[in-house]
Amino acid sequence: MSYYAGFGFVDIHPAALNDALANPSVQRFIVTGHGPLSVLGSPKVGRILLAHGAGAGHCSVFMRQFAATLAAQGMQVLAIDFPYMQQINEQGKRRPPPPIKQTVANFASWYSLLTSLSDQPLWVGGKSMGGRVATLFASEMLANEVHGPGVIVAGYPFHPSRKPDKTRLEHFPAIRCPVQILQGERDPFGNVDEVSGYNLPNNINVAWLADGDHDFKPRRVSGLNQQVLIDEAAILAASFVRAHQARYV
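It should be emphasised that the depicted structure is a prediction, and the values quoted were computed from it without experimental measurement.

Novice: Describe the overall build of the chain, listing the residues and the values that go with them.
Specialist: Within the chain, the regular secondary structure consists of 8 helices and 9 strands. What you see for the chain is a C-alpha radius of gyration of 17 Å, in line with the 18 Å of a compact globule of 249 residues. For the chain, the residues scored as buried account for 51% of the 249 residues in total. Taking contacts inside the chain between residues at least 6 apart in sequence as the whole, the part at least 24 apart equals 72%. Only carbon and sulfur atoms are counted for the fraction: they give 51% of the accessible area of the chain, which is about 11200 Å². Counting 21 positive and 18 negative side-chain charges, the chain places the averaged centre of each group 4 Å from the other.

Novice: An account of the packing of aromatic side chains is requested, with residue identities and associated values reported.
Specialist: Counted by the stated rule, this structure contains 11 aromatic pairs. Relative to phenylalanine 7, the ring of tyrosine 3 has its centre 5.1 Å away and its plane inclined at 50°; by these criteria the two rings are tilted. According to the relative accessible area criterion, phenylalanine 7 is partly exposed, its value standing at 26%. Through a chain of ring-to-ring contacts, the aromatic side chains of Tyr3, Tyr4, Phe7 and Phe9 assemble into a single cluster.

Novice: Give me the lowdown on the pairing of strand β6 (residues 122-127), citing residues and values where you can.
Specialist: Counting buried positions along β6 gives 6 out of 6 residues, so the element sits mostly inside the fold. Here β6 shows no split at all, with Leu122, Val124 and Gly126 on one side and Trp123, Gly125 and Lys127 on the other all buried. Note that strand β4 (residues 46-51) and β6 share 5 bridges and pair parallel. Residue pairing across strands places alanine 51 opposite glycine 126, the latter belonging to β6. Here 4 bridges tie β6 to strand β7 (residues 151-154), and the two strands are oriented parallel to one another. Bridging across to β7, glycine 125 finds its partner in isoleucine 152.

Novice: Describe in detail the sheet that holds strand β3 (residues 35-40), supporting the description with residues and values.
Specialist: Spatial ordering of the open sheet is given by β1-β2-β3-β5-β4-β6-β7-β8-β9, a layout of 9 strands whose pairing is mixed. One side of each edge strand has no neighbouring strand; the edge strands of this open sheet are β1 (10-12) and β9 (204-209). Strand-to-strand twist in this sheet, taken as the mean axis angle between neighbours without regard to direction, amounts to 25°. The pairing of β3 with strand β5 (residues 75-80) spans 4 bridges and is classified as antiparallel.

Novice: Any details on the packing of helix α5 (residues 100-115) against helix α6 (residues 129-141)? Residues and values, ideally.
Specialist: Where α5 contacts α6, the two axes come as close as 9 Å, and the packing angle between them is 75°. Viewed along their axes, α5 and α6 adopt a mutual orientation that is roughly perpendicular. Contacts between α5 and α6 involve Ile100, Thr103, Val104, Phe107, Ala108 and Tyr111 on the former and, on the latter, Met129, Arg132, Val133, Ala134, Leu136, Phe137 and Glu140.

Novice: Run through the pattern of salt bridges, naming residues and quoting values.
Specialist: In this structure the tally under the stated criterion is 3 salt bridges. Residue aspartate 215 pairs with lysine 127 through a salt bridge whose shortest N-O separation is 3.0 Å. In this pair, aspartate 215 sits in the loop between β9 and α8 (226-248) while lysine 127 sits in strand β6, placing the two residues 88 residues apart along the sequence. Look at aspartate 215 and you get partly exposed, because its relative accessible area is 33%. For lysine 127, a relative accessible area of 7% translates into the label buried. Among the salt bridges present, the one from arginine 186 reaches aspartate 211, with a minimum N-O distance of 3.5 Å. Of this pair, arginine 186 sits in the loop between β8 (179-184) and α7 (192-195) while aspartate 211 sits in the loop between β9 and α8, and the two are 25 residues apart along the sequence.

Novice: I'd like to hear about unusual backbone geometry, residue by residue, with values.
Specialist: Phi is positive for arginine 162, which is not a glycine, with a value near 65°. Assignment of secondary structure puts arginine 162 in the loop between β7 and β8. With a phi close to 65°, aspartate 211 is a non-glycine residue in the positive phi region.

Conventions adopted
- Residues numbered from 1 in each chain as written.
- Predicted model: local features only at pLDDT ≥ 70, side-chain atom pairs only at ≥ 80, totals over all residues.
- Heavy atoms only, no water.
- Helix = DSSP H or I, 4+ residues; strand = E, 2+ residues; numbered from the N terminus.
- Rg over C-alpha atoms; globule rule 2.2 N^0.38 Å.
- Buried < 20%, exposed > 50% of the residue type's maximum accessible area, 1.4 Å probe, protein only.
- Contact = heavy atoms within 4.5 Å.
- Areas by Shrake-Rupley, 256 points an atom, 1.4 Å probe, with all protein chains shown as cover.
- Lys, Arg positive; Asp, Glu negative; His and termini not counted.
- Charge placed at Lys NZ, Arg CZ, Asp CG, Glu CD.
- Phe/Tyr/Trp six-rings, centres within 6.5 Å; stacked < 30°, edge-to-face > 60°.
- Pairing = 2+ DSSP bridges.
- Axes fitted to C-alpha atoms, helices over the stretch in contact; angles between N-to-C directions.
- Parallel < 35°, antiparallel > 145°, perpendicular 65-115°, else oblique.
- Salt bridge = Lys/Arg side-chain N within 4 Å of Asp/Glu carboxyl O.

So this is what it looks like as structure tokens:
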């Protein structure tokens, strides 16, 4: 049995997605010409195309909990695996992500497919690398969407680990839509002291998760736990979407 078959993924043609999404239950598809897609929840608050981080796909524990809490808050989550991650999962061999532009192009093809399935705006977002991909997509493809969808990022990689001088902020000024970044205070890819020194555009908001690292894991001495922080991040994200959706109705 393949990796995705074990999770209950079934083959589907893109033309059949519209009818399939009318069912609010968790659904898992292998979309012809695109790849793995999990759908959770109904779009009571909004919809979001959600991408995974560099090292684990959207079926990881973190991604599943984050998506489930978003769905419980009224978001319809459309979570994807990039082609390289699909190969990792099917072949059981780790490999690095391709050049970021290639991944952004794949994300754009998903957005083009899924945004057409509803009149409701489709937000974009992701975990770590997936969040970076979403911000790059927003800077290139949503540059004029001031009154439309926005971006949600769980743990933005502001810089490579232990290389705080190599920031990944060049494209931020080109993003016109609202951005919510959920960041652990101890994130090695951008902690609270480092990020507070950045001159971020006004449409980019950073919400801090107490004592969390890049995966929102706090130290035991904090009295918190990772599950609580993941849920907190998702609730903050849904509230951010709700506020901005209401503003433009």
